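Residue strings, one per chain:
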Amino acid sequence: MKTYDLAVVGTGGIAAVHARGIADSGGRARVSAVVDVDPQRLRDFTAHLAELGLPEPRGYTSLAELLNVERPDLVDLCTPPGLHAPQAVMCLSRGLTVLCEKPPALSLAEFDRITAAEQTGGGRFATVFQHRFGSGARTLRELAADGSLGVPMTAVCHTLWHRPDAYFDVPWRGRWDVEGGGPTMGHGIHQMDLLLSVLGPWREVVAVAARRARPTDTEDLSCAIVTFESGAVASVVNSLLSTRETSHLRFDFAHATVELTHLYGYGDADWTVTATPDHADAVAAAWAAGPKGRASGHGAQLTAVLDALDAGQAPPVGTADARATMELVAAVYQSAFSGRPVARGEIGPGSPFYDRMQGTGAPWPAVRATGGAR
Ligand SMILES: NC(=O)c1ccc[n+]([C@@H]2O[C@H](COP(=O)([O-])OP(=O)(O)OC[C@H]3O[C@@H](n4cnc5c(N)ncnc54)[C@H](O)[C@@H]3O)[C@@H](O)[C@H]2O)c1
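Residues numbered from 1 in each chain as written. Predicted model: local features only at pLDDT ≥ 70, side-chain atom pairs only at ≥ 80, totals over all residues.

Participant: Is there a simple way to think about unusual backbone geometry in this case?
Facilitator: Outside of glycine, negative phi angles account for most residues, and trans bonds account for most peptide bonds. A cis amide bond, omega -15°, links Lys102 with the succeeding residue Pro103. For the bond running from Pro316 to Val317, omega is 5°, close enough to zero to count as cis.

See the structure below:
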């Protein structure tokens, strides 16, 4: 068994979750180096690793400094969103493989620079979309692909979360220039990615977005109607204003409805399957035969990443899949801010929504730069 050396870049909140996945990997991965611009965070994270029984890593206060000395098997980017693309390009151009927290970039333009660096540098780039990796999602994708459920008709993809004003005290939150968007880009993106992983390519989006209540420049609510190549139509809602929180996905296929209700992660018990009477036995048997027992989460994705590295393959979620999700996010913003439907493939170089998610600008005044609502 190979033990992969990971460099964790950015040792804040989500890095602790990554550390748990690494500790649970059964020795397949270790943290050999860590970077944070904040020495206290670096010390706290090193102490956290020790609590998890992991050895002390070498510490750095800049990625450039680390890359001058280290050659990790995997760079694990856990920094704020605005740093993902430049840090990924820095690593990929040295031929290193990168696992990057979502969102992988602030814009499609940035994302395409990552893909270009991957193609020229020889490393691989993967995005953390951990909800693809629970056994329920794996089972659903298998059954959707082999026709057991019939053709997809309609779907619901609702990320109804609640974030109080204080959540936006973190300087990189709620700003287009460093977070890239609100709940569409930062929260519902997980559910939208899972939706796309099941239903495949989308064709057209009609959307609205609003800032109703939070002290942000970005939206705190978006609602979209997404039509897929298959003809299926999904309702997608991303909210930070919903007091009873839920992450709810519902897939209505010709032979069965499959539902997932969770919040930040799911297990097998969070899925329900309701088949039409004439398909009840076949659907129940097919669902029962699918993968079981793995909750969604960072640990599940890390296992899949390590499996891919063992097999000499690109780790999931690769650039093609992540770009499809980023393009859907960009299309929600373009449709919302232009008042028009947006077709897949329409947002390319030359479009303002290619260079930045807010494109031509949100139709509400900015508050964070001026401090107006803070
Ligand atoms: N997949 C998920 O479910 C999930 C959940 C939460 C957050 N995230 C994502 O994880 C990323 C980080 O979020 P967080 O909540 O951990 O943020 P955080 O602010 O808690 O941590 C970020 C860390 O990066 C450090 N940092 C800043 N600039 C740096 C630099 N130039 N080099 C190295 N380190 C630097 C900060 O000091 C901080 O310790 C974001 O992209 C966020 O969207 C993903």
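After that view, the rundown keeps rolling.
Participant: What should I look at first to understand the site of the ligand in this one?
Facilitator: Taken together, 24 residues are adjacent to the ligand, and Gly10, Gly12, Gly13, Ile14 and Glu101 come closest. Counting residues per element, the ones that place at least two in the shell around the ligand are α1 (13-23) and α4 (81-92). By residue number, the principal contributor to the shell around the ligand is α1, which donates 3 residues. Residues belonging to the shell around the ligand are distributed by class as follows: 12 nonpolar, 7 polar and 5 charged. (Near = placed C-beta within 6 Å. Helix = DSSP H or I, 4+ residues; strand = E, 2+ residues; numbered from the N terminus. Nonpolar A, V, L, I, M, F, W, Y, C, P; charged D, E, K, R; others polar.)

Participant: Hey, could you run me through the nonpolar core in this one?
Facilitator: Nonpolar side chains tend toward joint burial in soluble globular proteins. Counting residues in each nonpolar core, the largest one holds 103 residues, and the members touching the most others are Ala88, Val98, Leu195 and Val332. Per-domain counts for this core show at least three residues from each of domain 1 (4-130 + 300-316) and domain 2 (131-296 + 324-355). Setting aside chain neighbours within four positions, we find Val98 in contact with Val75, Leu77, Ala88, Cys91, Leu92, Gly123, Phe125 and Ala126. (Core = buried A, V, L, I, M, F, W, Y, C linked by C-beta atoms within 7 Å. Buried ≥ 20, exposed ≤ 12 C-beta atoms within 10 Å, placed from the backbone. Domains from an automatic or database assignment. Contact = placed C-beta atoms within 7 Å.)

Participant: Sorry if this is basic, but what is going on with the pairing of strand β8 (residues 202-210) here?
Facilitator: For a regular strand, side chains alternate in direction, first toward one face of the sheet and then toward the other. In terms of strand pairing, β8 meets strand β9 (residues 221-228) through 8 bridges, oriented antiparallel. In the strand pairing of β9, Ala209 is matched with Ser222. Bridging between β8 and strand β14 (residues 342-343) involves 2 bridges; their strand directions are antiparallel. Across the sheet, the residue bridging to Glu204 is Ala343, located in β14. (Pairing = 2+ DSSP bridges.)

Participant: Sorry if this is basic, but what is going on with α4 here?
Facilitator: Three- or four-residue spacings in an α-helix give side chains the same orientation, since the helix completes a turn every 3.6 residues. Its 12 residues place the ends of α4 17 Å apart at the C-alpha level, agreeing with the 16 Å of an ideal helix rising 1.5 Å per residue. Burial analysis of α4 places 9 of its 12 residues in the buried class, the great majority of the element. (Expected span 1.5 Å × (residues − 1).)

Participant: Help me understand the environment of Ala15 in this model?
Facilitator: Within the element layout of this structure, Ala15 appears in helix α1. Separated by 63 residues in the primary sequence, Ala15 and Cys78 have C-alpha atoms spaced 5.8 Å apart. Residues within four places of Ala15 in sequence aside, it is in contact with Val8, Gly10, Phe45 and Cys78.

Participant: Would you mind going over the packing of helix α9 (residues 189-199) against helix α12 (residues 319-338) with me for this structure?
Facilitator: Helices that pack against each other are described as a pair by the angle of their axes relative to one another and the distance between those axes. In the contact formed by α9 and α12, the axes pass within 10 Å of each other and the chain directions differ by 120°. The orientation of α9 with respect to α12, classified from their angle, is oblique. Crossing hand, α9 versus α12: right-handed. Contacts between α9 and α12 involve Ile189, Met192, Asp193 and Leu196 on the former and, on the latter, Ala324, Thr325, Leu328 and Val329. Classifying every residue of the contact of α9 with α12 gives 6 nonpolar, 1 polar and 1 charged. (Axes fitted to C-alpha atoms, helices over the stretch in contact; angles between N-to-C directions. Parallel < 35°, antiparallel > 145°, perpendicular 65-115°, else oblique. Left-handed = near helix turned anticlockwise from the far one by under 90°.)

Participant: Can you walk me through the pairing of strand β10 (residues 233-239) in this structure?
Facilitator: As judged from the 7 bridges shared by strand β7 (residues 152-162) and β10, these two strands associate in the parallel manner. Residue pairing for β10: His158 is matched across the bridge by Val237. Taken together, the 7 bridges between β9 and β10 define a ladder with antiparallel strand orientation. Each bridged residue has a counterpart across the sheet, and for Leu221 the counterpart in β10 is Ser239. Counted along the chain from β9 to the antiparallel partner β10, the turn is 4 residues long, and its residue Gly231 has a positive phi close to 100°.

Participant: Honestly, the sheet that holds strand β12 (residues 256-262) in this entry has me stumped. Any pointers?
Facilitator: The strands making up a sheet associate through hydrogen bonds between their backbones, and the pairing can be parallel or antiparallel. As summarised here, the arrangement of the 8 strands in space is β13-β12-β11-β7-β10-β9-β8-β14, forming an open sheet in which the pairing is mixed. In the strand order of this sheet, the two ends are held by β13 (271-275) and β14, each with one partner. Packing against the sheet, helix α10 (residues 280-289) makes contact with β12 and β13, and its axis sits at approximately 155° to β13.

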